[in-house]
Amino acid sequence: MNWFTGNNSQTPFSMFSAEHLLMIVILFLGIAVIYVLKGKIKNRRLRKYEIVAAVSLLLFETAYYGWLITTGQWGQSHALPLELCNISLVFVIVLMLTRHRAIHSLVLFIGIAGALQAIVTPVLSYGFPHFRFVHFFYTHILIIWVSVYFVVIHNYRPRFLSVLKALLFLNILLPVIIWINHSVNGNYWFLSEKPAGGSLLDYLGPHPWYILSLQAVAFVLFSLIWFIFKKR
């Protein structure tokens, strides 16, 4: 079986299958390890590990677009790096290379909220051990792990003002993404329609009203993330 093929007939993805549930367990186990071992982790020289993680994400993402092109699946209507998790991934790579606090204040909210939703209800066609399955969960889990790591290990505690900045950032990008969707007949950020396989958007009303509902959901989620990670 070719794990790099464009055909998913041998490795279809099934939501809440054993492999999917295992990825969710790995996500939360990793977060628990960061908290439990934070004393030991803080005493290590971490810079090289951060750079290695950043390079690994960059290589994985490069390989993903190479896979899309070589299998004939790339297209501007669906494969431009415009999804929130694509943007968060870029932020995470830059964060690990620069340790910039302002970047972390964005990725903490946008990255965790977007990646967590993607992990729980993935829009994914390929199951384990296909490359796309490994790429999807590796990148999304690392977005969350890195966001938590900088809070726990480097003490990058968010302020409530960061919640408002993250919402402002999304609303600045929103009309741009809508315009791109219209131009390329795309559905980035699921602003044109809901994902066919079902997602949390199904509970937020019909199109286009769920876009407004998402504003309230984002505020609540960002506020919850702030409350969990704020300075005590």
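Keep in mind the model is a prediction, meaning the values are calculated, not measured. (Residues numbered from 1 in each chain as written. Predicted model: local features only at pLDDT ≥ 70, side-chain atom pairs only at ≥ 80, totals over all residues. Heavy atoms only, no water.)

A.B. asks: Can you walk me through the packing of aromatic side chains in this structure?
C.D. replies: In this description, a pair of aromatic rings is defined by centroid distance and the angle of the planes. A complete count under the given rule lists 17 aromatic pairs for this structure. Judged by centre distance (6.5 Å) and plane angle (40 degrees), the rings of Phe13 and Phe137 are tilted. In this pair, Phe13 sits in the segment before helix H1 (18–36) while Phe137 sits in helix H6 (residues 131–152), placing the two residues 124 residues apart along the sequence. Of the two residues examined, Phe13 and Phe137, each falls in the buried class. Their ring planes at 50 degrees and their centres at 4.7 Å tell us that Phe133 and Phe137 sit as a pair that is tilted. (Phe/Tyr/Trp six-rings, centres within 6.5 Å; stacked < 30°, edge-to-face > 60°. Helix = DSSP H or I, 4+ residues; strand = E, 2+ residues; numbered from the N terminus. Buried < 20%, exposed > 50% of the residue type's maximum accessible area, 1.4 Å probe, protein only.)

A.B. asks: Looking at this structure, I do not really get the side chain of Asn187. What am I missing?
C.D. replies: Summarising the element assignment, Asn187 is placed in the loop between helix H7 (160–184) and helix H8 (209–229). Side-chain polar atoms of Asn187 contact the backbone oxygen of Glu193, separated by 2.9 Å. If we skip the residues at most four places from it in the chain, Asn187 touches Ser77, Glu83, Asn181, Ser192 and Glu193. (Polar contact = N/O pair within 3.5 Å; in protein donor to acceptor, adjacent residues only side chain to side chain. Contact = heavy atoms within 4.5 Å.)

A.B. asks: Explanation requested: the nonpolar core in the structure shown.
C.D. replies: Generally speaking, nonpolar side chains in soluble globular proteins are found buried as a group. Counting residues in hydrophobic clusters, the biggest one holds 66 residues, and the most contacted among them are Met96, Phe137, Ile144, Val148, Trp189 and Phe222. The element best represented in this core is H6, accounting for 13 residues. If near-sequence neighbours (up to four positions away) are discounted, Ile144 is found in contact with Leu27, Ile31, Ile112, Ala115, Leu116 and Ile119. (Core = buried A, V, L, I, M, F, W, Y, C linked by side-chain atoms within 4.5 Å.)

A.B. asks: What exactly am I supposed to notice about the pattern of salt bridges here?
C.D. replies: Applying the stated criterion to the full structure yields two salt bridges. When the shortest N-O distance is used, the salt bridge between Arg47 and Glu50 registers 2.7 Å. Pair noted here: Arg47 and Glu50 are both in helix H3 (residues 47–70), with a separation of three residues, about one helical turn. Its salt-bridge partner being Arg99, residue Glu50 comes within 2.8 Å of it at the nearest N-O pair. You can see Glu50 sitting in helix H3 and its partner Arg99 sitting in the loop between helix H4 (84–98) and helix H5 (101–120), a full 49 residues away along the chain. Classification of Glu50 by relative accessible area gives buried; the value is 3%. For Arg99, a relative accessible area of 28% translates into the label partly exposed. Residues joined in a network through salt bridges with shared partners are Arg47, Glu50 and Arg99. (Salt bridge = Lys/Arg side-chain N within 4 Å of Asp/Glu carboxyl O.)

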